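# Notes for the structure review
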Amino acid sequence: MKVTLQKQENLSGDPSVATQGFGRVSHEPAPMFDPVREIDAACAFFDAHGYVVLSDCLDAGEIAHLNGFCDRTQAERPLAWGLGDKRKPHHRNQGLIYSQPLLDYPELDRYTRHPRSYPVVCRLLGGEQHARFSEFNFRETPEGAGPGAMNFHHDAVVADRFNRTPYGPPDWLCAIHYLTDVEPGAPCFCVVPDSKRQPSLKAAHDALGNRYAEVPIRGPAGTCVLYDTATYHTRLDGDGEKMRRTWHQYYARGGWLRSALPETSRYVRPPSPVLTDWNLFPERLAMSADPKTRLFFSHWNTAQGEWAASGFDPDVRKAMPRGEQ
Ligand SMILES: [Fe+2]
């Protein structure tokens, strides 16, 4: 892989702003796969590298609908987006985020198992019976936002990832759909391929040697990146001027897995733990009359258990973090 060493400079002079990795940035674009025609190759690439890029996952109507949704809700509920005087402290310098839009907007339900990306997600998690919903949000780096403060990190992980055999299926997957064109100059998602079993970015850098690369993912609106949450990644800063909007959805693996090892050394993998202790699922989905939908929304945390026990009382929700209405 052709990489260029880019000197990492903190132009802002602000020590809280990230320097973003080792600067071994790949100039070869990540391959893109059609999620229907090339599902086998896409899954093989993901299994090998811990991420995959899927092309044309949203059509023009869906891109317009989701951008319209973001515009509308930023005007209707600015505080939910972290706009206005009361910016959310946990997203300062990280752009805007609208957490948990599913709670109040059934118009988004149809995206949660999207016909383009969801079959790939199911295949990677071991089949549709193992796919579970974790979280859904929208994020935006506004125009003229300046440098961000995100460095390479992994999301939720399970400790047995270092040595379990086989490694797969992953514990969690995240799907990022670009809602705006991500061209050079725009902030973009960036991964370190083959890093999912490394305890730190430095360990990945040392272990991968010349194979270590930071791969920026660019593509038109509608592009989807699927990544194993154990894979190191960041939002790479752009020129500080261009905006970017994304839809992020996390999936977990459900069901118990037994390894094929001999009885004495056999291990069992339980369903993935809950991703957060605060994320809530709306009653219409968590208590759906459709058993498949109930199973998909069955990874409840204790906050969800308490909310369900209250009969989905709006005051109970309001008392929870990010429970704004
Ligand atoms: Fe992350």
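Read on for a plain summary of the structure. (Residues numbered from 1 in each chain as written. Predicted model: local features only at pLDDT ≥ 70, side-chain atom pairs only at ≥ 80, totals over all residues. Heavy atoms only, no water.)

### Section: the packing of helix H1 (residues 39-49) against helix H3 (residues 118-125)
- As a packed pair, H1 and H3 sit with axes 10 Å apart at the nearest point and diverge in direction by 50°. With respect to each other, H1 and H3 are oriented oblique. The handedness of the crossing between H1 and H3 comes out as right-handed. Residues Ile39, Asp40, Cys43, Phe46 and Asp47 of H1 pack against Pro119, Val120, Arg123 and Leu124 of H3.
- Here the contact of H1 with H3 is composed, by residue class, of 6 nonpolar, no polar and 3 charged. (Axes fitted to C-alpha atoms, helices over the stretch in contact; angles between N-to-C directions. Helix = DSSP H or I, 4+ residues; strand = E, 2+ residues; numbered from the N terminus. Parallel < 35°, antiparallel > 145°, perpendicular 65-115°, else oblique. Left-handed = near helix turned anticlockwise from the far one by under 90°. Contact = heavy atoms within 4.5 Å. Nonpolar A, V, L, I, M, F, W, Y, C, P; charged D, E, K, R; others polar.)

### Observations concerning the sheet that holds strand E10 (residues 224-228)
- One open sheet holds the 7 strands; their spatial order is E3-E4-E10-E7-E12-E6-E5, and the pairing between them is mixed. On the outer flanks of this sheet lie strand E3 (32-33) and strand E5 (96-99), each paired with one strand and no other.
- Pairing of strand E7 (residues 172-178) with E10 involves 5 bridges; the strand directions are antiparallel. The residue of E10 that forms the bridge with Ile176 is Val225.
- In the packing of H1 onto the sheet, contacts are made with E3, strand E4 (51-54), E7 and E10, and the angle to E4 comes to roughly 150°. (Pairing = 2+ DSSP bridges.)

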